[in-house]
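Each chain is listed here by its residues.
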Amino acid sequence: MKICRAKDYKELSRKAANLIRAQVVMKPDCILGLATGSSPVGTYEKLVEWYKKGDIDFSRVSTINLDEYRGLTPDNDQSYRYFMNIHLFDHVNIDKSRTSVPDGLEPDAEKACRDYDAIIEKSGGVDLQLLGLGHNGHIGFNEPSDEFPCGTHCVDLTPSTINANKRFFASEADVPRQAYTMGIRSIMLAKKIVVVVSGKDKAEILQKVVCGPITPQVPASVLQLHPDVTIVADEEALSCM
Ligand code: F6R
């Protein structure tokens, strides 16, 4: 694992965006695996800024998002499809038909997961996967458990994740209790992985992810086994290391 140190969130976002820009320059028709949440917002802001200056071209890029809440419509302002539209897709020259997010409205969970795995498989593989890190070590919505889940699956969100995500909703009761998420195997198959981690509240879990034992109880610890992971973290997030 490589650690790329940043002074603060602004610098972290610029560094992560630079890694994505390098990927798009080297392979204009690349497949980007994308994340939502607060950590990558600054990264997307930088990419939009560079796009407007003519410094990055998304016209041949395809994207596959990690996860989506079950039961939210794409136009619900808390859905991850909506998040991607407002933070990135609506502001750059990406062909939206090449952007994939799990179908949160598919009531048949098995079908939703099967369909998403087929999309991932058909893409030929993610070139660069961007990840955030949950307070309990989750990546995507792969919550701590007794095993590493392989493919896309439907998860019951843990109280810790519901609590962390309630800030985006009117109340905790409004946070969906389930989500569809890409599995750990699919994440690990990405050629390159970039994890953005910011803030003191992530310092303890980041230390466990990087230096602790590899265990499904800390899902992101599996990244120690991946040959090309860059953790872009700010000083606060690195304060326990
Ligand atoms: C979102 C996702 C989640 C978040 C994680 C951290 O697509 O996959 O794993 O990356 O919950 O969220 P923030 O960045 O809001 O702390």
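Since the structure is predicted, the reported quantities are computational estimates derived from the model, not experimental observations.

Novice: So what exactly am I meant to see when it comes to the layout of surface pockets here?
Specialist: A probe as big as a water molecule, rolled over the atoms, marks out the empty space that is left. In this structure, the largest pocket spans a volume of roughly 600 Å³. The wall of the largest pocket is formed by 34 residues, among which T36, G37, S38, N165 and R167 lie closest to the centre. Put simply, the parts of the chain that give the lining of the largest pocket at least two residues each are strand 4 (67-69), helix 3 (80-87) and helix 5 (159-165). Among the elements that make up the lining of the largest pocket, the one with the highest residue count is helix 3 (5 residues). Looking at the lining of the largest pocket residue by residue, the class counts come to 13 nonpolar, 16 polar and 5 charged. The computed volume of the second largest pocket comes to approximately 240 Å³.

Novice: What is the right way to read the side chain of S39 from this model?
Specialist: In this structure, S39 sits in the loop between strand 2 (31-34) and helix 2 (41-52). For S39, a relative accessible area of 10% corresponds to the buried category. Residues contacting S39, with those up to four places away along its chain left out, are Y9, V196 and K202.

Novice: I would appreciate a short explanation of the sheet that holds strand 4 in the present structure.
Specialist: Sheets are built from strands that pair by backbone hydrogen bonding, the pairs being arranged parallel or antiparallel. Strand order across the open sheet formed by 3 strands is 4-8-7, with antiparallel pairing between neighbours. Two strands close off the open sheet at either side, each with one partner strand: strand 4 and strand 7 (153-156). Averaged over all adjacent pairs, the angle separating strand axes in this sheet is 25°, with direction ignored. Bridge analysis of strand 4 against strand 8 (residues 178-181) gives 3 bridges, and the strand direction is antiparallel. For D67, the partnering residue across the bridge sits in strand 8 and is T181.

Novice: Explanation requested: the site of the ligand in the structure shown.
Specialist: Near the ligand, the surroundings consist of 14 residues, among which S39, D67, H138, G140 and K202 are the closest. Taking D67, its side chain carries an N or O atom lying 2.7 Å from an oxygen atom of the ligand. Taking G140, its main chain carries an N or O atom lying 2.7 Å from an oxygen atom of the ligand. Burial of the ligand by the protein chains amounts to 94% of its free accessible area of 410 Å². Judged by the fraction of its atoms near the pocket grid, the ligand is located in the largest pocket. The residue inventory of the shell around the ligand, partitioned by class, reads 3 nonpolar, 8 polar and 3 charged.

Novice: Would you mind going over the sheet that holds strand 5 (residues 99-100) with me for this structure?
Specialist: Spatial ordering of the open sheet is given by 1-10-9-6-2-3-5, a layout of 7 strands whose pairing is parallel. The sheet is open, and its two edges are formed by strand 1 (2-6) and strand 5, each paired on a single side. Judged from the 4 bridges that link them, strand 6 (residues 128-131) and strand 9 (residues 192-197) form a sheet pairing that is parallel. Bridging from a neighbouring strand, Q129 pairs with I193 of strand 9.

Novice: Before we go on, may I ask you to explain the packing of helix 1 (residues 9-26) against helix 2 in this structure?
Specialist: Any two packed helices are characterised by how steeply their axes cross, that is the angle between the axes, and by the distance between the axes. Contact geometry for helix 1 and helix 2: axes closest at 8 Å, N-to-C directions at 60°. Of the possible angle classes, the one that applies to helix 1 and helix 2 is oblique. Crossing of helix 1 over helix 2 shows right-handed handedness. Here helix 1 contributes Y9, S13, R14, A16, A17, N18, I20 and R21 to the contact with helix 2, which in turn contributes V41, G42, T43, K46, L47 and W50. Taken together, the residues that form the contact of helix 1 with helix 2 break down as 7 nonpolar, 4 polar and 3 charged.

Calculation criteria
- Numbering of residues starts from 1 in every chain and runs along the sequence as written.
- Since the coordinates come from a predicted model, pLDDT governs what is reported: local features require at least 70, and pairs of side-chain atoms require 80 or more to be given and counted, while whole-chain, interface and lining totals use all residues.
- Heavy atoms throughout the structure, all of them, feed into the side-chain values; hydrogens and water do not.
- Buriedness of a pocket was judged along seven lines, with at least five required to meet protein on both sides within 12 Å; pockets are open sets of points on a 1 Å grid over the protein atoms alone, cavities are sets where a 1.4 Å probe fits but cannot get out, and lining residues have an atom within 4 Å of a point.
- Grid points are joined across faces, edges and corners, and a volume is the space filled by probe spheres set on the points.
- Per the convention used, a helix needs a DSSP run of H or I reaching at least four residues, while a strand needs a run of E reaching at least two, with both numbered from the N terminus.
- When residues are grouped by polarity, Ala, Val, Leu, Ile, Met, Phe, Trp, Tyr, Cys and Pro land in nonpolar, Asp, Glu, Lys and Arg in charged, and all others, Gly among them, in polar.
- For the exposure calls, accessible area comes from a 1.4 Å probe over protein chains only, and a residue counts as buried if that area is under 20% of its type's maximum, exposed if over 50%, partly exposed in between.
- Residue contacts are defined here by distance: any two heavy atoms, one from each residue, within 4.5 Å place the two residues in contact.
- Should DSSP find at least two bridges between two strands, the strands are taken to pair.
- Every axis in this analysis is a line fitted to C-alpha atoms, fitted for helices over the stretch in contact. Angles between the N-to-C directions lie between 0 and 180 degrees.
- Near residues are defined by distance, with any heavy atom within 4 Å of the molecule or strand qualifying the residue.
- Pairs of N or O atoms are called polar contacts if they sit within 3.5 Å, as long as, within protein, a hydrogen donor faces a hydrogen acceptor (for residues adjacent in sequence, only side-chain-to-side-chain pairs).
- For accessible areas, the Shrake-Rupley method is used with a probe of radius 1.4 Å. Any residue's cover is judged against the shown protein chains and nothing else.
- Cavities and pockets are treated as containing a molecule whenever more than half of the molecule's atoms lie within 2 Å of their grid points.
- Angles are sorted into four bins: roughly parallel if under 35 degrees, roughly antiparallel if over 145, roughly perpendicular if 65 to 115, and oblique for all others.
- Note on convention: the crossing is left-handed when the near helix lies turned anticlockwise from the far helix by less than a right angle, right-handed when the turn is clockwise.

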